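# Structural description and commentary
Given next are the chains, with one letter for each unit.
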Amino acid sequence: MCSFGFARSMGFALLPLATCCIVANILLFFPSGAANYVQDGHISLFPWLFMGVGGGGIAVFLPAAVFLSMGKCAANCVTDSCAMCGSVLASLVGLAGSAYCFVVSVLALLKGPYCFTTMGWHYPFETTSGSYLFNRDNWNNCIQPANIVEWDVTLLSILAGLSALEFIILFLQLVNGVVNAVCRPCCYKQEYSLNA
């Protein structure tokens, strides 16, 4: 039963992380809180990939819901192993989502923001391979939206960090689920044969 308690605690830990991923992704559409850039189509490609909404958010809410309902599932399943197998499958979905969120966020950080410079709308840091992150003097190349580099770097770093945390939590539950699904029946058989 303690494995179910561990799964439930992992579910509770995932809820705020997934919510924050969704919020961070949505904020990427509104640089410095302005809505006109998304209306004019002057937003980077990456927020449209919905890495925080779909990957770090919805795909992580699914395993969180499964983990939180582990006790009910165990009551309806034939064995505890059956419930743990369900948590393993849910963990795999969440791992795929959090990995997607992390990879897209890192790629977006490396490419840099889409902004207006003296040469028009483009990705001015695209060829720097992410070195612009350590050279704040070049951030002024982006004229509009105001403070877009800080906005993007902050939100994308949050998305990368949160998705990495989600991945770790989901991996821990995956290991917990596999160990309990595979080892528990073996232990019970061994215990039964010793008692017999």
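Values in this document were obtained by computation on a predicted structure and should not be read as measured data. (Residues numbered from 1 in each chain as written. Predicted model: local features only at pLDDT ≥ 70, side-chain atom pairs only at ≥ 80, totals over all residues. Heavy atoms only, no water.)

## A short note on the UniProt feature "transmembrane region" (unreviewed entry) in the protein chain
The UniProt entry lists residues 12-33, 45-68, 88-110 and 155-175 under the feature "transmembrane region" (unreviewed entry), expressed in the numbering used here. As a span, residues 12-33 carries 73% helix and 0% strand, and end to end its C-alpha atoms are 30 Å apart. Annotation note: span residues 88-110, helix share 100%, strand share 0%, distance between end C-alpha atoms 33 Å. (UniProt positions renumbered as here; feature names shortened; annotations may be inferred. Helix = DSSP H or I, 4+ residues; strand = E, 2+ residues; numbered from the N terminus.)

## Digging into empty space enclosed by the protein
By the definition in use, this model includes two cavities of 30 Å³ or more. A volume near 60 Å³ is recorded for the largest cavity. Taken together, L28, P31, H42, I43, S44, P47, Y114, P145, I148 and D152 make up the full set of residues lining the largest cavity. Considered class by class, the residues forming the lining of the largest cavity number seven nonpolar, two polar and one charged. The space that makes up the second largest cavity amounts to roughly 50 Å³. If you trace the second largest cavity, you find it lined by L28, S44, F46, P47, A108, G112, P113, D152 and L156. For the lining of the second largest cavity, a count of residues per class yields six nonpolar, two polar and one charged. (1 Å grid on protein atoms, 1.4 Å probe; cavity = no way out; pocket = protein on both sides within 12 Å on 5 of 7 lines; lining within 4 Å. Points joined across faces, edges and corners; volume = space filled by probe spheres on them. Nonpolar A, V, L, I, M, F, W, Y, C, P; charged D, E, K, R; others polar.)

## What about the environment of C85?
With respect to the element layout, C85 can be found in helix 5 (residues 80-111). C85 gets classed as partly exposed once you look at its relative accessible area, which sits at 41%. (Buried < 20%, exposed > 50% of the residue type's maximum accessible area, 1.4 Å probe, protein only.)

## Describing the state of the cysteines
In a disulfide, the sulfur atoms of two cysteines are held together by a covalent bond. The full count for this structure, using the stated rule, is one disulfide. Sulfur-sulfur distance for the disulfide between C115 and C142 comes to 1.9 Å. Its S-S torsion of approximately -60 degrees makes the covalent link between C115 and C142 left-handed. Here C115 is found in strand 1 (residues 115-117), whereas its partner C142 is found in the loop between strand 2 (120-122) and helix 6 (148-195), with 27 residues between them in sequence. Across the pair, C142 and C115 agree in class, each one buried. Here C20 stays unpaired: no disulfide links it, and the sulfur of C21, its closest cysteine neighbor, is 7.4 Å away. According to the relative accessible area criterion, C20 is partly exposed, its value standing at 39%. Here C101 is not cross-linked by a disulfide; its sulfur's nearest cysteine counterpart is in C21, at 4.5 Å. The exposure class of C101 is buried, given its relative accessible area of 0%. (Disulfide = S-S within 2.5 Å.)

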